[in-house]
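# Descriptive structure summary
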Amino acid sequence: MRQYATSGDASKLRFGVVVSRFNHLVSARLLEGCRNELENRGAGPDDIDVAWVPGAFEIPQAARALARSGRYDAIVTLGAVIRGGTPHFEYVCRGVTDGVRDVIRDTSVPVAFGVLTTDDVEQALARAGGTEGNKGEEAARAAIEMARLGPQLAAPPRSESGEDER
Ligand code: INI
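Right, let's walk through the structure included here. Values in this document were obtained by computation on a predicted structure and should not be read as measured data.

Below, the discussion takes up helix α5 (residues 135–149). The end-to-end C-alpha separation of α5 is 21 Å, in line with the 21 Å expected for 15 residues at 1.5 Å each. Listed in full, the buried residues belonging to α5 are G136, A139, A140, A143, I144 and A147. Across the axial projection of α5, the buried residues extend over an arc of 140 degrees, all falling on one side. Buried positions along α5 lie against β1 (15–20), α1 (24–40), β3 (74–82), β4 (111–118) and β6 (133–134). Its side-chain oxygen at 2.7 Å from the backbone nitrogen of G136, N134 defines the N-terminal cap of α5.

Before going further, it helps to examine the site of the ligand. The immediate surroundings of the ligand are formed by S20, F22, N23, G55, A56, F57, E58, A80, V81, I82, H88 and V92. Measuring from an oxygen atom of the ligand, one finds a backbone N or O atom of A56 at 2.8 Å. Measuring from an oxygen atom of the ligand, one finds a side-chain N or O atom of E58 at 2.5 Å. Here the ligand, which alone exposes 460 Å², has 74% of that area covered by the protein. Among the elements that make up the shell around the ligand, the one with the highest residue count is β3 (three residues). When the residues that make up the shell around the ligand are grouped by side-chain class, the tally is seven nonpolar, four polar and one charged.

According to the stated counting rule, one finds 14 salt bridges in the structure shown. Taking the shortest distance from any N to any O, the salt bridge between R101 and D98 comes out at 3.6 Å. On the criterion of helical spacing, the pair formed by R101 and D98 is a turn pair, its members being three residues apart in helix α3 (residues 88–107). The class of R101 is partly exposed, set by a relative accessible area of 46%. When salt bridges with common partners are traced through the structure, they connect R64, D98, R101, D102, R105 and D106 into a single cluster.

Structurally, V26 can be placed in helix α1. Residue V26 is classed as buried on the basis of its relative accessible area of 2%. Remark: the alpha-carbon pair of V26 and E122, spanning 96 residues in sequence, is separated by 9.9 Å. V26 has contacts with A80, L116, A124, L125 and A128, leaving out every residue within four places of it along the chain.

Conventions used here
Residues numbered from 1 in each chain as written. Predicted model: local features only at pLDDT ≥ 70, side-chain atom pairs only at ≥ 80, totals over all residues. Heavy atoms only, no water. Helix = DSSP H or I, 4+ residues; strand = E, 2+ residues; numbered from the N terminus. Expected span 1.5 Å × (residues − 1). Buried < 20%, exposed > 50% of the residue type's maximum accessible area, 1.4 Å probe, protein only. Arc of directions from axis to C-beta. Contact = heavy atoms within 4.5 Å. Polar contact = N/O pair within 3.5 Å; in protein donor to acceptor, adjacent residues only side chain to side chain. Near = heavy atom within 4 Å. Areas by Shrake-Rupley, 256 points an atom, 1.4 Å probe, with all protein chains shown as cover. Nonpolar A, V, L, I, M, F, W, Y, C, P; charged D, E, K, R; others polar. Salt bridge = Lys/Arg side-chain N within 4 Å of Asp/Glu carboxyl O.

This is the structure:
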């Protein structure tokens, strides 16, 4: 068996982060978690560019523009969609999830999904540095891992021992 190398090293990688202002308290905590994780894993402050957008529905448009720019090894998307009393929640959730999926499909640039979709603000805060961790950190780790994996996939994995090189 051969395996592609997995890496959580963010050094020398460049990241575009799209974060939505709606539910700002939650988004700001997701962004803090994301930034800390990227920097703790070796990304320089000048290698992380942040684009704020009004709401989660606008995330895919900005993520697509950043992905197409060619400047970034990976994009991280952050935000919080919190259920209200109307079907609006479902439409915003679908817009952002389908939109981010389309950016990945159309550009092949890794886009990590750190957009919370929760029933209430308590659930969101729990996942933005509370009892359930910080999904911004998780998205940062996913972005790093996919940025490292992607370039390897054009060729077969390199075998450590050479035994598998048949
Ligand atoms: N945007 C969010 O990011 N989270 C929400 O919970 C939300 N709700 O509930 O309405 C929300 N709506 C705004 C939407 O994303 C757009 O910004 C707006 O429709 C303008 O296009």
